[in-house]
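Geometric and topological summary
So the chains spell out like this:
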Amino acid sequence: MEKIIEENKQGTSLVLEQKEGNAKKLFIESYGCQMNFSDSEIVASILVNQGYNTTQNLEEADLVLVNTCSIRDKAEQTIRKRLEKYNAVKKINPNMKVGVLGCMAERLKDKFLEEEKIVDMVVGPDAYKDIPNLLKDVEDGRDAINVILSKEETYGDIAPVRLNSNGVTAFVSITRGCDNMCTFCVVPFTRGRERSREPQSILDEIQDLWNRGFKEVTLLGQNVDSYLWYGGGLKKDFVKATDMQKATAVDFAQLLNLSATQFPKMRFRFSTSNPQDMHVEVIEVMAKHHNICNYIHLPVQSGSTRILKEMNRQHTREEYMTLIDNIKRIIPDISLSQDMITGFPTETEEDHLDTLSLMEYVKYDFGFMFAYSERPGTMAARKMEDDVPDDVKKRRLTEIVDLQQVHALEKTKRFIGQTVEVLVEKDSKRSSEHWSGRNSQNTVVVFAKENYKPGDFVNVKITDCTAATLIGEAVGYSEIMQS
Ligand code: SAH
Ligand code: F3S
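Here the structure is a predicted model, which means the values were calculated and not measured.

How each quantity is defined
Residues numbered from 1 in each chain as written. Chains lettered and ligands numbered in written order. Predicted model: local features only at pLDDT ≥ 70, side-chain atom pairs only at ≥ 80, totals over all residues. Helix = DSSP H or I, 4+ residues; strand = E, 2+ residues; numbered from the N terminus. Rg over C-alpha atoms; globule rule 2.2 N^0.38 Å. Buried ≥ 20, exposed ≤ 12 C-beta atoms within 10 Å, placed from the backbone. Contact = placed C-beta atoms within 7 Å. Pairing = 2+ DSSP bridges. Axes fitted to C-alpha atoms, helices over the stretch in contact; angles between N-to-C directions. Expected span 1.5 Å × (residues − 1). UniProt positions renumbered as here; feature names shortened; annotations may be inferred. Domains from an automatic or database assignment. Nonpolar A, V, L, I, M, F, W, Y, C, P; charged D, E, K, R; others polar. Near = placed C-beta within 6 Å. Parallel < 35°, antiparallel > 145°, perpendicular 65-115°, else oblique. Left-handed = near helix turned anticlockwise from the far one by under 90°. Core = buried A, V, L, I, M, F, W, Y, C linked by C-beta atoms within 7 Å.

Description of the overall build of the protein
Of the regular secondary structure elements, the protein holds 15 helices and 22 strands. In terms of C-alpha radius of gyration, the protein reaches 23 Å, essentially the compact-globule figure of 23 Å for 483 residues. Across its three principal axes, the protein shows a C-alpha extent of roughly 65 × 55 × 55 Å. A total of 483 residues make up the protein; the buried ones form 45% of that total. Sequence separation of 24 or more characterises 72% of the internal contacts of the protein that already satisfy a separation of 6 or more.

Below, the structure is given as structure tokens:
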């Protein structure tokens, strides 16, 4: 589950172990990217210490929090609808308080308190530690809002509780914010400047997960390749760092190398990579360690150099292709996935054909494709007209999605006859007699359970497949990974 926007997870309410003595009930729901789901775990950890236990029953909640997404207009509309639902419940339970967290809180700020009368509290992504104070403001009848973006906050000192966990795979965030300023994207405005978390606190969190039986960690950030620790501070201030700081700085390739070396039986993934920041060192570290998965989510957004330039992506079509060539040369067994935006302002039929031909060149294993949605405040919204008609956007999107499906099936089929290493995660959705897990390339594999259990690394001989799932038979434990 590498991808940020997982449709089947949207709106999941999160539940954790109940702490004795906690009388108040928290209902927390998350939308959007994996980082939001991860942040909700941080918020829940903070509130456990404030007397709250989580509930999955909205009607009985004292506090309802919704962690929101602004990436496309549709995401915001979904959340507005949820607020209507909360409003209906609040009529039955007038003591219930409602808080908006995350990117919409940041984007709309005090407008929320004015427009959505049911909202009692508005908290931006860098202000979660202030929630206990904000709750006091709510109790005292004051407006409770904190949308201050921070240059330092990484929540590195908070041990997140794991909500709705399978006990096998977990996410560990390593950077927050983004400095890239892609012209279509609202993230730099809602999540603030890019900052990296101290490596030791990352390694400590991985150690803790290992001690509790977890077997796979996904290092998380808007742009993980840009990770840089030199004692704290913003990435853009690195030029001003002392010689000592520069000499002891840790970049993403080093962090990955450190993690994979220190935890040889823990499997590692990371997300998301940005082509402009993904250097050959990272690919070499991946190739060196068996326990770093052969999978890269490498959004490209468009196959046209002209559109890439308008998007302020810092690379051309050709540079991206060279990166792909290097990746495939160093890791022949790699799987790749994309994010694509269709119908960006001024996109012509020719640009669209460039996107299709780039897809043919790369042959992505997975893809996440979206019609362009203008976001207020972004450079594209300010400077460019959203001039591709909806029906054209839709038609181009369908063509992209259809092509991706052809490639996905082709890529899945290549495993038939091979034996792949699978980390068992949970019951297969279709049958309780089968386990479901993923291979290194992130493809879902199902096989008969026998005596294997979640958390085991099992070699599975692939006999069949559907478009997105491999079907096989276990042939034994993985000698390399099984501890
Ligand atoms: N670096 C981030 C990107 C977050 S946004 C990451 O962790 O993946 C996820 C994807 O949403 C982007 O890659 C892009 O394809 C899409 N997206 C962002 N802004 C968009 C917009 N205004 N309209 C349509 N899609 C958008
Ligand atoms: Fe958005 Fe571009 Fe950053 S897509 S999250 S501004 S890399």
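Don't stop here, the text continues.
A word on the sheet that holds strand β8 (residues 169–173)
Strand order in the open sheet formed by 3 strands is β8-β11-β14, with parallel pairing between adjacent strands. Strands with a single pairing partner mark the edges of an open sheet, and in this sheet they are β8 and β14 (267–271). In this sheet, adjacent strand axes meet at a mean angle of 25 degrees when their direction is disregarded. Where β8 meets strand β11 (residues 216–220), 5 bridges bridge the pair, whose relative direction is parallel. Across the sheet, the residue bridging to alanine 170 is valine 217, located in β11. Helix-sheet contacts for helix α7 (residues 199–211) involve β8 and β11, and the interaxial angle to β8 is about 165 degrees.

Observations regarding helix α13 (residues 349–362)
Here α13 is 14 residues long and its end C-alpha atoms lie 20 Å apart, about the 20 Å a rise of 1.5 Å per residue gives. Buried-residue contacts for α13 involve α11 (305–310), α12 (317–330), β16 (335–342) and α15 (390–413). Downstream of α13 by a residue or two, lysine 363 has a phi angle that is positive, lying close to 55 degrees.

Some points on the UniProt feature "domain: Radical SAM core" (unreviewed entry) in the protein
UniProt tags residues 164–410 as "domain: Radical SAM core" (unreviewed entry). For residues 164–410, helix accounts for 41% and strand for 16%, while the C-alpha atoms at its two ends are 33 Å apart.

Re the domain arrangement of the protein
By domain assignment, the protein separates into domain 1 (7–146), domain 2 (169–413) and domain 3 (419–477). Taking only C-alpha atoms, the centre of domain 2 and the centre of domain 3 are 27 Å apart. Counting from both sides, the interface comprises 15 residues of domain 2 and, opposite them, 11 residues of domain 3. Broken down by element, the side of domain 2 that touches domain 3 gets its largest block of residues, 5 residues, from α15. Looking at the side of domain 2 that touches domain 3 residue by residue, the class counts come to 4 nonpolar, 6 polar and 5 charged.

Re the site of ligand 1
Lining the immediate surroundings of ligand 1 are 18 residues, of which Thr272, Pro299, Asp339, Phe370 and Ser373 lie closest. Per-class residue counts for the shell around ligand 1 are 10 nonpolar, 5 polar and 3 charged. For the shell around ligand 1, the domains that each give at least three residues are domain 1 (7–146) and domain 2 (169–413).

Regarding the sheet that holds strand β19 (residues 434–438)
Pairing is mixed around the closed barrel formed by 5 strands, whose spatial order is β18-β19-β20-β22-β21. Within this sheet the neighbouring strands show an average axis-to-axis angle of 55 degrees, counted without direction. Both strand β18 (residues 419–427) and strand β21 (residues 457–465) contribute to a ladder of 5 bridges, which runs antiparallel. Note on β21: the bridge partner recorded for leucine 423 is phenylalanine 457.

A short note on the packing of α13 against α15
Between two packed helices, both the angle of their axes relative to each other and the distance between the axes serve to describe the pair. The N-to-C vectors of α13 and α15 enclose an angle of 10 degrees; their axes lie 10 Å apart at closest approach. Of the possible angle classes, the one that applies to α13 and α15 is roughly parallel. Residues His352, Thr355, Leu356 and Met359 of α13 lie in contact with α15, whose contacting residues are Arg396, Glu399, Ile400, Leu403, Gln404 and His407. Here the residues of the contact of α13 with α15 sort into 4 nonpolar, 4 polar and 2 charged.

What to know about the packing of helix α10 (residues 280–288) against α12
Viewed as axis vectors pointing N to C, α10 and α12 meet at an angle of 20 degrees, and their least axial separation amounts to 10 Å. The angle between the axes of α10 and α12 places the two elements in the roughly parallel class. The crossing of α10 and α12 is right-handed. On α12, the residues that touch Val280, Ile283, Glu284 and Ala287 of α10 are Asn326, Ile327 and Ile330. Taken together, the residues of the contact of α10 with α12 sort by class into 5 nonpolar, 1 polar and 1 charged.

Focus on the nonpolar core
Side chains of nonpolar character tend, in soluble globular proteins, to be buried together. Core analysis: the biggest nonpolar cluster contains 116 residues, and Val123 and Val172 have the highest contact counts within it. In contact with valine 172, other than residues within four places in its own chain, are Ile202, Glu205, Ile206, Val217, Leu219 and Leu220.

Structural notes on the environment of aspartate 333
Along the polypeptide, aspartate 333 turns up in the loop between α12 and β16. Each C-alpha atom, one on aspartate 333 and one on asparagine 294, is 6.7 Å from the other, the two residues being 39 residues apart in sequence.

Describing the environment of aspartate 391
Of note, aspartate 391 is situated in helix α15. Each C-alpha atom, one on aspartate 391 and one on glycine 343, is 9.9 Å from the other, the two residues being 48 residues apart in sequence.

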